[in-house]
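So you can see what is in the structure, the chains are spelled out below.
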Amino acid sequence: NARDIGPALMSGRVNDMEAHPTNSRILYAGTAGGGVWKSNDGGATFNPIFDEYCQSIGSVELDPNDPDKTIYVGTGETWTRNSVSVGDGLYKSTDGGKSWMHMGLKDSGHISQIWIHPEDADTVLIASQGPLWSEGGDRGLYKTTDGGKTWAPILTIDEHTGVNEFIVDPNDFDNIVASSYQRRRHVWVLINGGPGSGIHRTTDGGQTWSEVSSGLPSDDMGRIGLAMAPSNPDLLYAIIEGQPDEQGVFRS
């Protein structure tokens, strides 16, 4: 039976959960307004490990090469609410969350996904939705090959569009599928979607990209979620916001 392990207060949004790959008792929770929490007992108790830093969390990722020590945290919750909390970039811990270093992308606003190369810990991909209340900033898909010391944008669309999610082919790390997301919030309205939203594909690690259109909605799209079937990496799913007669779940 499932049981609630908290938080129980209003606005206690949990934005991301990560489990240790070999020790199921170690869990991490990234919250929308309460920082990062760690459990060593399978969720019976949680302790805060990020209180001195930005409390709005978008993504938490453990390094598969060293999950006991290396953790990345992307700040900025990824929900486009009118009461959204803003992030201030990417953080990294190399001692299991005891201490943290700021690793750049300060103007990313909302980091929605982190991927760490399973054979090269220095290679990391970051999806940034970008600021919600303004244009510009560090928005798009970013890559580092030096453990986060420097970042290069490998997929950018425009000043209003960031990257929501991406999938890396486990059989060929140069094959990446990413969803771009155009949105902008004002006090009186959310502009959710536009011509910048779409699905993009690269087969050379991000040097060149092509936008996919076959079988997808013909009108402007909103947020796009992506998933890969673990049993078959060629089988991809996309859940797409769009016009009522075109939105839904798509399969490739």
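(A) Looking closely at the overall build of the protein chain. Looking only at helices and strands, one finds 0 helices and 20 strands in the protein chain. Taking 252 residues into account, the globule formula puts the C-alpha radius of gyration at 18 Å, and the protein chain, at 18 Å, falls close to it. Based on the C-alpha atoms only, the size of the protein chain along its principal axes is roughly 50 × 45 × 40 Å. The buried share of the protein chain, reckoned over its 252 residues, is 48%. Relative to all contacts within the protein chain whose residues are 6 or more apart in sequence, the contacts with residues 24 or more apart total 44%. When the accessible area of the protein chain is evaluated, it comes to approximately 12200 Å², of which 48% is carbon and sulfur surface.

(B) View of the pattern of salt bridges. Applying the stated criterion to the full structure yields 2 salt bridges. With a shortest N-O distance of 2.6 Å, glutamate 77 and arginine 13 are connected by a salt bridge. With a gap of 64 residues between them, glutamate 77 in the loop between strand S6 (71-75) and strand S7 (90-93) and arginine 13 in the segment before strand S1 (14-19) connect regions that are remote in the sequence. Looking at arginine 13, the relative accessible area reads 17%, which means it is buried.

(C) Main features of the layout of surface pockets. Empty space within the largest pocket amounts to approximately 460 Å³. Taken together, 22 residues form the lining of the largest pocket, with Val177, Arg201, Asp234, Leu236 and Ser252 sitting closest to its centre. Mapped onto the lining of the largest pocket, the elements with two or more residues apiece are strand S13 (161-168), strand S14 (176-185), strand S16 (198-202), strand S19 (232-240) and strand S20 (248-251). The greatest single-element share of the lining of the largest pocket, amounting to 5 residues, is contributed by S19. Class assignment for the residues of the lining of the largest pocket results in 13 nonpolar, 5 polar and 4 charged. By volume, the second largest pocket is sized at about 360 Å³. Lining of the second largest pocket is provided by 22 residues; of these, Ser112, Gln113, Glu165, Phe166 and Leu226 occupy positions nearest its centre.

(D) View of a nonpolar patch on the surface. Taken together, the side chains of Trp133, Val187, Trp188, Val189 and Ile191 define a hydrophobic patch exposed on the protein surface, amounting to about 550 Å² of accessible area. Of the residues examined, tryptophan 188 reaches a relative accessible area of 69% and is grouped as exposed.

(E) Inspection of the nonpolar core at higher detail. Ile26, Tyr28, Val36, Ile49, Phe50, Ile57, Val60, Leu62, Ile71, Val73, Tyr91 and Trp100 form the largest nonpolar core, which has 12 residues in total. Breaking this core down by element, the ones donating at least two residues are strand S5 (57-62) and S6. Per-element tally for this core: the top contributor is S5, with 3 residues. When neighbours within four sequence positions are excluded, isoleucine 57 is seen to be in contact with Asn15, Gly30, Thr31, Ala32, Gly35, Val36, Phe50, Val73, Gly74, Thr75, Gly76 and Glu77.

What counts and how
Just so you know, the residues in each chain are numbered from 1, in the order the chain's sequence is written. Side-chain atom pairs in this predicted model are given and counted only at pLDDT of 80 or more, local residue features only at pLDDT of at least 70, and totals for whole chains, interfaces and linings cover all residues. Hydrogens and waters are ignored; side-chain quantities use all the structure's heavy atoms. Helical segments are the DSSP runs of H or I of at least four residues, strand segments are the runs of E of at least two, and each set is numbered from the N terminus. C-alpha atoms define the radius of gyration, and 2.2 Å times the number of residues to the power 0.38 defines the globule rule. Relative accessibility under 20% of the residue-type maximum defines a buried residue, over 50% an exposed one, and the middle range a partly exposed one, all with a 1.4 Å probe and only protein chains included. Contacts are assigned to residue pairs with any non-hydrogen atoms lying within 4.5 Å of each other. To measure how exposed things are, a 1.4 Å probe is used in the Shrake-Rupley method; for residues, cover is taken only from the protein chains shown. Whenever Lys or Arg places a side-chain nitrogen within 4 Å of a carboxyl oxygen from Asp or Glu, that contact is recorded as a salt bridge. Here the term cavity refers to a set of points on a 1 Å grid, laid over the protein atoms alone, in which a 1.4 Å probe fits but cannot get out; the term pocket refers to an open set having protein on both sides within 12 Å along at least five of seven lines, with lining residues being those that place an atom within 4 Å of a point. Grid points are joined across faces, edges and corners, and a volume is the space filled by probe spheres set on the points. Amino acids are sorted into nonpolar (Ala, Val, Leu, Ile, Met, Phe, Trp, Tyr, Cys and Pro), charged (Asp, Glu, Lys and Arg) and polar (every other residue, Gly among them). Patch construction takes residues with relative accessible area above 30% that form no salt bridge. Like charges are linked within 9 Å, and nonpolar side chains (Val, Leu, Ile, Met, Phe, Trp, Tyr) are linked within 5 Å. In this text, buried Ala, Val, Leu, Ile, Met, Phe, Trp, Tyr and Cys residues form a nonpolar core when linked through side-chain atoms within 4.5 Å.

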